[in-house]
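# Coordinate inspection notes
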Amino acid sequence: MTLNPKVYKIKQSHRLLVNKNTKSIISEIISTAFEKLDFKKKFDIESLKTIEKDNFTYFLYLFKSDEVASDWQEFLPNGLTQNENFNETKLSLILFIETEDHLFCVIGGNASYQIILPFVDQSYGLNTYSRIIKPAEDELASIKSRGLTGTRAGMSEQFRDNYRIIDFIKFGKIPQEIHLRLSQEISDLHFDFLKKRENDRIQVYVGKGFKIKKGVDFEILHRLIQELDIIEQLDADDYLSSYKEITDTKYIQNHLYPELITRIFNDIENLGKSRLDLHNRFQYDFSNPNNIEKFYEADEYRLKEKTDKGGYKVFKIVEDRNEIYDAVLKRAVEKTGQNDRFKFMVFLQGVKITCYQDKKLTISSNFLYHISTEFKFDRKPVFLVDTKWFHLRDSFVEDLKINTVHVLNSYPAPEDILNIPWDKTILRTEGVYNFEYDEKDNYIVLDTLIADNLELCDIMFYNEDELYLIHVKYGFQSKMRELTNQVLISARRLRETKGTKEKKLLVDIHHQLIEKGYNINGLDLEHFIALFEKRIKYVIAFTSHLKKDLEVKNNIEKFTSNIARYSLIQCSGEMRANYYDLLTYQIPRV
């Protein structure tokens, strides 16, 4: 009899498990589950079956779930089910394996996973693979990953044969689960007992757990655990992920989270001010990472606070997502004052952002969940993305710099496409700067013009052959993530629109341009739509935010935002692969 189990590792540093022996750890894990499930019976540690094998101890916890009616009872007609017993009892098990330094487990049955989930090392499989990785030889079959940039919070990608790990573009991605074929060297060195033929290469799934894509009996499982125990002693390679998740909950709660709240709290002094010096402002990106498009396309945002009775009430409705952050901070000051940081934090934790489109609720999430940011702590850059904290590996910082310069040098927009210098003392906002082009020939300003819940771009420029859709941002900082998200959403929607007969989006834009009195160079609807038959190119236009107007591409060391760097790199690759050419342009400041 063979099965295909997945091996997990118990995180013995968990606050409920630390400094406990194996039996006490098992008891804590199962008793915690009983309490959550409101089971009346108590777990009896003596009910565990145990055996020893080659200095490993196996503990088996076997349990049956309550009887439930089979789905077939509802599927079949009453004439067939009458007076028949369709109840079924499901069997589940957890097999704990104690080695000298670790506690592994394998499970059977759906209920088992819910019991161990709070206590497993969430990155065990990935960390194990990082100890045996051969980037130039390992073949990637599929990968699930989280996105730190772009419009997708989660990605699932499949690859053809002979696609190597080294070919995988990892910028802006954090692997969650990988299916791959190991190199011949590693297959021979660590897993020769699994091979049927000499040239076999072992296939594995790695994520939270480690799974061999092959049925094994108990003896082979035992040998696999022995080998995994040995692999744990090897040094990990940082190649696979450029990011290292910070999993020390005490470090997060005692240091990083308070630092985040402090930075937001200190930003109160900037409310209502138009600052020329952006260094004093808290740098962040604000969006719902689970569904960026629905967040961007919402008609209105209802900001809700907790009530004394535990419910929520709306304290403000805004139509512009850029007003949310300041509106929440102002309300926090009204409720808690400007001196009590603890009450300020508690208030923010209780704020929800609910998004509506056509008067229907689309998405809703906590205020703090929307914030992505980057700052240095203990002289290391840390990132908060989607409520998770990460360190960026030092080697990757250098890769980011090199690739950012490559994008800026390789894909420049035409020289002087935006030839008006941006003097912030005169042109204080992006909108004011954009409208400097309203009366210029071959330019059409679309800033603040929303058609079908989309801002196509800030400025359009066209010549005989090309149409440039320009997105403008002051500074090369974390706000670049927001800008690149907008570019990708715009490109997707434009491609979809061009494939329709009605061209509704373009019709709506032309109508609004006329309604608002913007300059459209005398173009009627037919000729306006015809612009989009030209060769389309998107442009990310930005300035330096430093006191001295330096070029980013020649002074990459002075522009320290890694979020800006990898946002640009990711957007450039995704645009070229799926949509239109993406060019870059640095607007002169003086």
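I will try to describe carefully the structure that is included in this document. (Residues numbered from 1 in each chain as written. Predicted model: local features only at pLDDT ≥ 70, side-chain atom pairs only at ≥ 80, totals over all residues. Heavy atoms only, no water.)

### Brief notes about the pattern of salt bridges
Note the following rule: A pairing counts as a salt bridge when a side-chain nitrogen of Lys or Arg comes within 4 Å of a carboxyl oxygen of Asp or Glu. Helix and strand labels come from DSSP, where a helix needs a run of H or I of at least four residues and a strand needs a run of E of at least two; each type is numbered from the N terminus. Only protein chains enter the accessibility calculation, which uses a 1.4 Å probe; a residue whose area is less than 20% of its type maximum is buried, one above 50% is exposed, and one in between is partly exposed.
Under the defined criterion, the tally for this structure stands at 25 salt bridges. The partner of Arg201 in a salt bridge is Glu139, and the shortest N-O contact between them spans 3.2 Å. You can see Arg201 sitting in the loop between helix 6 (184-191) and strand 11 (203-206) and its partner Glu139 sitting in strand 8 (residues 139-147), a full 62 residues away along the chain. Residue Arg201 is classed as partly exposed on the basis of its relative accessible area of 21%. Linking Glu305 and Arg331 is a salt bridge whose minimum nitrogen-to-oxygen distance equals 2.9 Å. Taken together, the residues Glu305 in strand 15 (residues 300-306) and Arg331 in helix 10 (residues 324-336) connect sequence positions 26 residues apart. Connected through shared salt-bridge partners, Glu305, Lys313, Arg331, Glu334 and Lys335 make up one network.

### What to know about the sheet that holds strand 21 (residues 388-392)
Keep this limit in mind: Note on pairing: two strands pair once DSSP finds at least 2 bridges between them. All axes are obtained by fitting lines to C-alpha atoms, using only the stretch in contact for helices, and the reported angles, taken between N-to-C directions, cover 0 to 180 degrees. Between two residues, a contact is recorded if the distance between any of their heavy atoms is within 4.5 Å.
Overall, antiparallel pairing links the 5 strands, which are arranged 13-21-20-19-14 in an open sheet. The outermost strands of the open sheet, each flanked by one partner alone, are strand 13 (243-245) and strand 14 (284-286). Across the sheet, the mean angle from the axis of one strand to that of its neighbour is 25°, orientation sign disregarded. Sheet topology places strand 14 next to strand 19 (residues 371-377); 3 bridges connect them, and they run antiparallel. The partner of Phe286 across the bridge, within strand 19, is Ile371. Seen against the sheet, helix 8 (residues 249-266) touches strand 19, strand 20 (380-385) and strand 21 and runs at an angle of roughly 110° to strand 19.

### Considerations on the side chain of Ser183
Among the secondary structure elements, Ser183 is positioned in the loop between strand 10 (173-181) and helix 6. Exposure remark for Ser183: the relative accessible area of 0% places this residue in the buried category. For Ser183, the residues in contact, after removing those within four places along its chain, are Lys134, Glu137, Asp138 and Arg201.

### With respect to the packing of helix 14 (residues 480-498) against helix 17 (residues 562-578)
Convention followed: Working definition: roughly parallel below 35 degrees, roughly antiparallel above 145 degrees, roughly perpendicular at 65 to 115 degrees, and oblique for all remaining angles. Gly is placed with the polar residues, together with every amino acid not listed as nonpolar (Ala, Val, Leu, Ile, Met, Phe, Trp, Tyr, Cys and Pro) or charged (Asp, Glu, Lys and Arg).
Taken N-terminus to C-terminus, the directions of helix 14 and helix 17 make an angle of 10°; their axes are 8 Å apart at the nearest point. Taken together, helix 14 and helix 17 sit at an angle that is classed as roughly parallel. Note on element contacts: helix 17 touches helix 14 through Ile563, Ala564, Ser567, Leu568, Cys571, Glu574, Met575 and Asn578, opposite Met480, Arg481, Thr484, Val487, Leu488, Ala491 and Arg495. Residues belonging to the contact of helix 14 with helix 17 are distributed by class as follows: 9 nonpolar, 3 polar and 3 charged.

### Quick look at the side chain of Asp438
Put simply, the rule reads: Counting rule applied: Lys, Arg positive; Asp, Glu negative; His and chain ends not counted.
Relative to the helices and strands, Asp438 is located in the loop between helix 13 (430-434) and strand 22 (443-445). Buried and unpaired, Asp438 has Lys440 as its nearest opposite-charge partner, separated by 12 Å. Non-local contacts of Asp438, meaning those with residues more than four positions away in its chain, are made with Val445, Tyr518 and Asn519.

### Let's talk about the packing of helix 10 against helix 11 (residues 341-349)
Helix-helix packing: each pair is described by the crossing angle between the helix axes and the interaxial distance. As a reminder of what qualifies: Note: crossing handedness is left-handed where the near helix turns anticlockwise from the far helix by less than a right angle, and right-handed where it turns clockwise.
Where helix 10 meets helix 11, the closest approach of the two axes is 9 Å, and the angle between their N-to-C directions is 130°. Judged on the interaxial angle alone, helix 11 and helix 10 are oblique. The element helix 10 and its partner helix 11 pack so that their crossing is right-handed. Contacts between helix 10 and helix 11 involve Val328, Leu329, Arg331, Ala332, Lys335 and Thr336 from the former and Lys343, Phe344, Phe347 and Leu348 from the latter. Among the residues forming the contact of helix 10 with helix 11, the class breakdown is 6 nonpolar, 1 polar and 3 charged.

### Quick word on the nonpolar core
The following threshold applies: Throughout, nonpolar core names a set of buried Ala, Val, Leu, Ile, Met, Phe, Trp, Tyr and Cys residues whose side chains join them through atoms within 4.5 Å.
Formed by 93 residues in total, the largest nonpolar core has its most connected members in Phe367, Phe532 and Tyr538. Examining the composition of this core, we find that 8 residues originate from one element, helix 8, more than from any other. Judged by nonpolar contacts, the second largest core, of 35 residues, contains Ile97, Val106, Tyr129 and Ile165.

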